[in-house]
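Letter by letter, the chains look like this.
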Amino acid sequence: MALAMATRAPLHGSKKPPAPSNSSLAPRALITLLCAVSLYFCFSLFRKDAPPPSFFYPVVPATTNGACNYSDGRWIYDPSIRSPPRYDHTCKEIFKGWNCIAGNKSNALDIIKWRWKPHGCDLPPFDPSRFLEQFRDTSIGFVGDSLNRNMFVSLFCALRKVSAEVKKWRPAGADRGFTFLKYNLTIAYHRTNLLARYGRWTGGTSGILESLGYKDGYRIDVDIPDGTWVAAPRFHDILIFNTGHWWWAPSKFDPLKTPMLFFENGVPVTPPLPPDAGLDMVLRHMVSFVEKNARKNAILFFRTQSPRHFEGGDWDQGGSCPRLQPLAPKEVEQLFSIESNGTNVETRLVNGHLYKALDGSKFQILDITRMSEFRADAHPSAAGGKRHDDCMHWCLPGLTDTWNDLFIAHLTSIKGWH
């Protein structure tokens with residue numbers, strides 16, 4: 001990989017050096033440069049906190065209409081970050097499997113020393129105290145699978161660190177929720193795997209599916225929201241949705257033994273659809289439902305797919321995520337390129353469906369995919385003695401703290417705050 005070297009201009013008033021009298025100067029200068037670079041890398045190997053060189057990450061202009069694109073940039077190692085800036089691993093809401101410090105993951109303390117730097121601008125860490133003040137009398141709902149819970153817990157722990165007076169409850173059918181009483185700010189997590197309602201199907205409806213040879217499966221009603229969040233749009237002022245991981249889960253929805261069977265208006269969709277076509281139908285109906293039922297002036301977000309980093313096989317096939325530092329761009333493409341059809345290819349496939357469904361809608365897209373694709377080092381992996389490596393969720397404290405920086409940067413921009 002080529003390393004671009006910047007030349008320093010001479011100081012004002014400095015005496016101009018004499019011109020070289022010997023044609024061998026250029027080779028000597030080259031040898032000197034190579035020696036200096038070699039010494040730098042040798043010493044770097046012995047530095048305990050030495051990160052991969054920052055030039056491993058691409059520098060590409062990424063602005064849209066003059067505004068900063070927070071979602072494209074690079075990770076910079078900052079050894080000065082010695083402790084979590086907003087919360088630590090003692091936050092009781094952190095799910096045990098995500099607590100990498102308590103689980104003795106070898107790089108758990110290093111994970112938070114990587115700072116996301118968008119090209120051409122900065123993404124500062126949000127200030128929890130200021131956030132509580134600015135969003136008084138507001139309700140925020142996270143709707144989605146356990147990756148949205150990962151993000152929800154990150155936000156809760158940061159706010160809990162500065163505001164201890166908290167009421168725990170389950171607003172609007174949420175799996176869990178908290179109100180910060182001094183500010184009347186509520187945050188809640190609504191668990192749903194597919195967004196749409198689904199359950200086991202064993203035949204006996206109209207005979208259509210049985211006549212096609214189906215005896216068992218999962219019924220997904222593409223036009224009916226899951227009951228866990230159906231009341232959420234009328235309750236929350238701000239909503240953050242996600243879906244995707246369960247749509248490519250053959251261990252749950254086996255295409256032969258327990259396939260996804262889609263229903264619309266109470267009758268089977270025939271001919272039966274593959275999961276990706278079913279996802280398109282669900283997204284179309286759910287986006288429409290939220291837009292029709294959301295509170296006036298509600299702010300709607302849809303988060304893009306969170307990447308997995310399984311290498312050597314999927315989670316149930318001996319796959320693992322042993323990396324201790326972020327990936328280089330070429331490594332990212334090897335894991336996520338659709339052309340290579342890698343273990344984690346569903347990340348970009350799902351995003352294609354999301355962008356198509358959200359085009360022209362009232363939703364803001366919260367794009368966390370690119371920044372997360374690099375972070376193969378930030379999963380719990382085998383921490384805590386897991387039976388299978390967890391290369392899907394994220395350590396806390398960790399990457400989802402940066403997701404919340406991005407989320408709150410978008411929020412304050414929408415509100416016109418600085």
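The preceding data block contains the structure.
Keep in mind that this is a model prediction, so the values were computed, not measured.

Parameters at a glance
Numbering of residues begins from 1 in every chain and follows the order in which that chain's sequence is written. Since the coordinates come from a predicted model, pLDDT governs what is reported: local features require at least 70, and pairs of side-chain atoms require 80 or more to be given and counted, while whole-chain, interface and lining totals use all residues. Side-chain metrics in this entry use all non-hydrogen atoms of the structure; hydrogen atoms and water are not considered. Salt bridges are identified by distance alone: a Lys or Arg side-chain nitrogen within 4 Å of an Asp or Glu carboxyl oxygen. Put simply, DSSP H or I for four residues or longer makes a helix, DSSP E for two residues or longer makes a strand, and each gets a number counted from the N terminus. Any two strands between which DSSP finds at least two bridges are classified as paired. The contact criterion used throughout is that any non-hydrogen atoms of two residues lie within 4.5 Å. Interaxial angle, 0 to 180 degrees, is taken between N-to-C directions of lines fitted to C-alpha atoms, where a helix line uses only the stretch in contact. Relative accessibility decides the category of a residue: with a 1.4 Å probe and only protein chains considered, values under 20% of the type maximum give buried, values over 50% give exposed, and everything between is partly exposed. It is the rotation of the near helix from the far one that decides the hand of a crossing: anticlockwise by less than a right angle makes it left-handed, clockwise makes it right-handed. Asp, Glu, Lys and Arg are counted as charged, while Ala, Val, Leu, Ile, Met, Phe, Trp, Tyr, Cys and Pro are counted as nonpolar; the rest, among them Gly, fall into the polar class. In this scheme Phe, Tyr and Trp rings, the latter by its six-membered ring, pair at centre separations within 6.5 Å, and the angle between planes marks the pair as stacked below 30 degrees, edge-to-face above 60, and tilted otherwise. When the NZ atom of lysine or the CZ atom of arginine is within 6 Å of a ring's centre and also within 35 degrees of its normal, the charge is said to sit over that ring. Polar contacts, as used here, are pairs of N or O atoms within 3.5 Å; protein pairs need one atom able to donate a hydrogen and one able to accept it. Residues neighboring in sequence count only if both atoms are side-chain atoms.

A.B. asks: Would you mind showing me how to read the pattern of salt bridges here?
C.D. replies: Pairing is possible between side chains that carry opposite charge, provided their charged atoms lie close to one another. Across all of its chains, the model carries 18 salt bridges by this definition. A salt bridge links Arg 200 to Asp 216; its shortest N-O distance comes to 2.7 Å. With a gap of 16 residues between them, Arg 200 in strand 9 (residues 196–201) and Asp 216 in the loop between helix 5 (208–211) and strand 10 (217–225) connect regions that are remote in the sequence. Between Glu 311 and Arg 323 there is a salt bridge whose closest N-O contact spans 2.9 Å. With Glu 311 in the loop between strand 14 (299–303) and helix 8 (329–336) and Arg 323 in the loop between strand 14 and helix 8, the pair connects residues that are 12 residues apart, well separated along the chain. Residues joined in a network through salt bridges with shared partners are Glu 333, Arg 348, Arg 370 and Glu 373.

A.B. asks: Please explain the sheet that holds strand 13 (residues 267–268) as it appears in this structure.
C.D. replies: Each strand in a sheet pairs with its neighbour through backbone hydrogen bonds, running either in the same direction (parallel) or in the opposite one (antiparallel). Strands sit in the order 9-10-12-13 across an open sheet of four strands; the sheet is mixed. Two strands in the sheet have a free side with no partner beyond their single neighbour: strand 9 and strand 13. With four bridges connecting them, strand 10 and strand 12 (residues 260–264) associate as parallel partners. Across the sheet, residue Ile 220 finds its bridge partner in strand 12, namely Phe 262. Seen against the sheet, helix 7 (residues 275–293) touches strand 9, strand 10 and strand 12 and runs at an angle of roughly 30 degrees to strand 10.

A.B. asks: In this structure, what is going on with the environment of Ser 83? I would like to understand it.
C.D. replies: With respect to the helices and strands, the residue Ser 83 is situated in the loop between strand 3 (73–77) and helix 2 (108–111). With a relative accessible area of 45%, Ser 83 lands in the partly exposed category. It is 8.6 Å that separates the C-alpha atoms of Ser 83 and Lys 113, two residues lying 30 residues apart in sequence.

A.B. asks: Help me understand the packing of helix 7 against helix 9 (residues 346–358), please; the structure alone is not making it clear to me.
C.D. replies: Packed helix pairs are characterised by how far apart their axes lie and by the angle those axes make with each other. Orientation of helix 7 relative to helix 9, taken along the N-to-C sense of each, is 35 degrees, at an axis distance of 10 Å. Every pair of crossing elements has a handedness; the one defined by helix 7 and helix 9 is right-handed. The segment helix 7 lies against helix 9, with Asp 276, Leu 279, Asp 280, Leu 283 and Val 287 engaging His 353, Leu 354, Lys 356, Ala 357 and Leu 358. Partitioning the contact of helix 7 with helix 9 into residue classes produces six nonpolar, one polar and three charged.

A.B. asks: What exactly am I supposed to notice about the packing of aromatic side chains here?
C.D. replies: For any pair of aromatic rings, the description consists of the separation of the ring centres together with the inter-plane angle of the planes. Per the stated rule, a full pass over the model turns up 23 aromatic pairs. Centre to centre, the rings of Phe 301 and Phe 407 are 5.4 Å apart; their planes meet at 80 degrees, and the pair counts as edge-to-face. On the criterion of sequence distance, the pair formed by Phe 301 in strand 14 and Phe 407 in helix 11 (residues 399–415) is long-range, its members being 106 residues apart. For Phe 407, a relative accessible area of 0% puts it in the buried group. One aromatic cluster is present, formed by Phe 142, Phe 152, Phe 156, Phe 178, Phe 180, Tyr 189, Phe 301 and Phe 407 through successive ring pairs. Lys 167 extends its terminal NZ or CZ atom over the ring of Trp 169, reaching a point 4.9 Å from the ring centre.

A.B. asks: Quick question: what am I supposed to make of the pairing of strand 6 (residues 166–169) here?
C.D. replies: Along any regular strand the residues' side chains alternate between the sheet's two faces. Bridge count for strand 6 against strand 7 (residues 176–180) is four bridges, and the pairing is antiparallel. Looking at strand 7, one finds that Lys 167 is bridged to Thr 179. Joining the antiparallel neighbours strand 6 and strand 7 is a turn of six residues, in which Ala 172 adopts a positive phi near 50 degrees.

A.B. asks: Mind showing me how you'd approach the sheet that holds strand 5 (residues 139–144) here?
C.D. replies: Spatial strand order, 6-7-8-5-11-14-15: seven strands in an open sheet with mixed pairing. The sheet terminates laterally at strand 6 and strand 15 (364–366), the two strands that pair on one side only. When strand polarity is set aside, the average angle formed by the axes of neighbouring strands in this sheet is 20 degrees. Note that strand 5 and strand 11 (residues 238–241) share four bridges and pair parallel. The partner of Val 143 across the bridge, within strand 11, is Phe 241. Along the sheet face, helix 11 touches strand 5, strand 11, strand 14 and strand 15 and points at about 150 degrees away from the line of strand 14.

A.B. asks: What's the story with the side chain of Asn 293 in this structure? I'm lost.
C.D. replies: Topologically, Asn 293 is positioned in helix 7. For Asn 293, a relative accessible area of 17% translates into the label buried. Of note is the side chain of Asn 293, whose polar atom sits 2.5 Å from the side chain of Arg 234. Of note is the side chain of Asn 293, whose polar atom sits 2.8 Å from the backbone oxygen of Phe 289. Residues within four places of Asn 293 in sequence aside, it is in contact with Pro 233 and Arg 234.

A.B. asks: Can you help me understand the environment of Ala 232 in this one?
C.D. replies: By secondary structure assignment, the location of Ala 232 is in helix 6 (residues 232–235). Overall, Ala 232 belongs to the buried group, its relative accessible area being 0%. Placed 90 residues apart in sequence, Ala 232 and Phe 142 show a C-alpha to C-alpha distance of 9.2 Å. Discounting residues that sit within four places of it in the chain, Ala 232 has contacts with Val 143, Ala 172, His 190 and Leu 239.

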